Amino acid sequence: MISAVLSRPRAMAAFDESLLWSVLLLLSIGLVMVYSASIATAEASKLTGFQPTYYLVRHAIFLAVGLAIALATFQVPMRWWQQAAPYLFLFTAFLLIIVLIPGIGRMVNGSQRWIRLLGLSFQPSELAKLAVVLYAADYTVRKVAHMGSFRKGFLPMAGVMLFAGTLLLLEPDFGAFAVITLVAMGVLFLGGMNWRLFAGLAFFLMIGFVLLIWIAPYRIKRISSFLRPWDDPQGSGYQLIHSLIAFGRGETFGVGLGASVEKLFYLPEAHTDFLLAVIAEELGFAGVVVVLALFAWLVSRAFAIGRQAVRLERYFAGLVAQGIGLWIGGQALINIGVNMGALPTKGLTLPLLSFGGTGIVANLAAIAILMRVDVENRQLMMGKAT
């Protein structure tokens, strides 16, 4: 009897519990910090009805909707996502087109990125990031025999990404363009693109980014304010200076939850783009390290799940998992770099933490797909073990 029990295959968990807990912790930190960062703004604004909990309630609703959609997304097998990938990409491309139509697209802070429907606004570029992950993985699997060819392997994908990128730049949304380019190029490279071709394309891509910055005066201004923020402390350098002040005030353990000074109308977009600066001020270096560690673990698990799927010959699922890791990790790295003054401002939120409905929903849907890849990996491994 004992020998029979000992001879059984070791029990395997049904899913990656550490991945789930890291996501839940990030969401919890985000909920608390969004409230802390937004309470003063909400109390002083007519748009919020002077309600201090305005952003907290909305963010909680976004989380509830996102978790419900994530639960539904988790039920969908990966083979369905592979079949649907081209159609989902076409649908998001359609949304990126109609958001540019006057009267449909909503202009906020000089950018036409939102569509208002039934009293709610959503941002197609956030959905496009997930669609690009799925489409790039499906394309790479279909074209795996041509990944070493510029004409047959890269050029068709480059044309599709150029089309989507042009739509994003017309909004304009340079940050989203940078993220989808990172994801598409990363998935192609992980899928077997010739490294010499990849290096050459990366070089020309860098030239393209420089040209895009050069032809847009406001982007040049962002670069100059990033390099010399103190030249215009009340103008173009204002955001970065106050973000750095917030980091400096936080020191090791912060000034205490809710005690930030910079969020009191000094630091713009405190509950969205510069949420990490508020975390740094209130929770200090320790709080920032916790956030960085949770993101690092999430991304490492995404790549581990992807590698496992590839070993099981589930190539589409593996590339999707790694593409999600590139997306979440890349966007988090850019946002963190902006907050710390290591990168110019991009208008990108911190995934899973910052206030924003479409972003939270898209992030949670991506995490659900990642966990679906993991569960299907484990089911296949258990099937082989028995």
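The structure presented is a predicted model; accordingly, all values stated were derived computationally and were not measured.

A. Up close: the overall build of the protein chain. In terms of helices and strands, the protein chain carries 13 helices and 3 strands. Its C-alpha atoms give the protein chain a radius of gyration of 22 Å, within 12% of the compact-globule value 21 Å for 386 residues. Projected onto its principal axes, the C-alpha positions of the protein chain cover 70 × 60 × 40 Å. Out of the 386 residues in the protein chain, the part that is buried amounts to 50%. Averaging the positions of the 28 positive and the 18 negative side-chain charges in the protein chain gives two centres separated by 11 Å.

B. Representation of empty space enclosed by the protein in the model. A full pass over the atoms with the stated rule returns 1 cavity of 30 Å³ or more. Counted as a void, the largest cavity has a volume near 30 Å³. Taken together, Phe89, Thr92, Ala93, Leu96, Ala128, Val132, Ala164, Leu168 and Ile180 form the lining of the largest cavity. Within the residue set of the lining of the largest cavity, elements represented by two or more residues are helix H4 (78-98), helix H5 (124-142) and helix H6 (150-170). Tallied by class, residues from the lining of the largest cavity come to 8 nonpolar, 1 polar and no charged.

C. Region of the structure containing the packing of H5 against H6. Relative to each other, H5 and H6 sit at 175°, their axes nearing to 12 Å. Relative to H6, H5 is oriented roughly antiparallel. Contacts from Ser125, Val132, Tyr135, Ala136 and Tyr139 in H5 reach Lys152, Gly153, Phe154, Pro156, Met157, Val160, Met161 and Leu168 in H6.

D. Representation of the confidence of the model for the protein chain. Here the protein chain averages 89 in pLDDT, and 96% of its residues register 70 or above. Confidence over residues 1-10 falls short of pLDDT 50; this stretch has 1 contact with residues more than four positions distant or in other chains.

Cut-offs applied
Residues numbered from 1 in each chain as written. Predicted model: local features only at pLDDT ≥ 70, side-chain atom pairs only at ≥ 80, totals over all residues. Heavy atoms only, no water. Helix = DSSP H or I, 4+ residues; strand = E, 2+ residues; numbered from the N terminus. Rg over C-alpha atoms; globule rule 2.2 N^0.38 Å. Buried < 20%, exposed > 50% of the residue type's maximum accessible area, 1.4 Å probe, protein only. Lys, Arg positive; Asp, Glu negative; His and termini not counted. Charge placed at Lys NZ, Arg CZ, Asp CG, Glu CD. 1 Å grid on protein atoms, 1.4 Å probe; cavity = no way out; pocket = protein on both sides within 12 Å on 5 of 7 lines; lining within 4 Å. Points joined across faces, edges and corners; volume = space filled by probe spheres on them. Nonpolar A, V, L, I, M, F, W, Y, C, P; charged D, E, K, R; others polar. Axes fitted to C-alpha atoms, helices over the stretch in contact; angles between N-to-C directions. Parallel < 35°, antiparallel > 145°, perpendicular 65-115°, else oblique. Contact = heavy atoms within 4.5 Å. pLDDT = per-residue confidence, 0-100.

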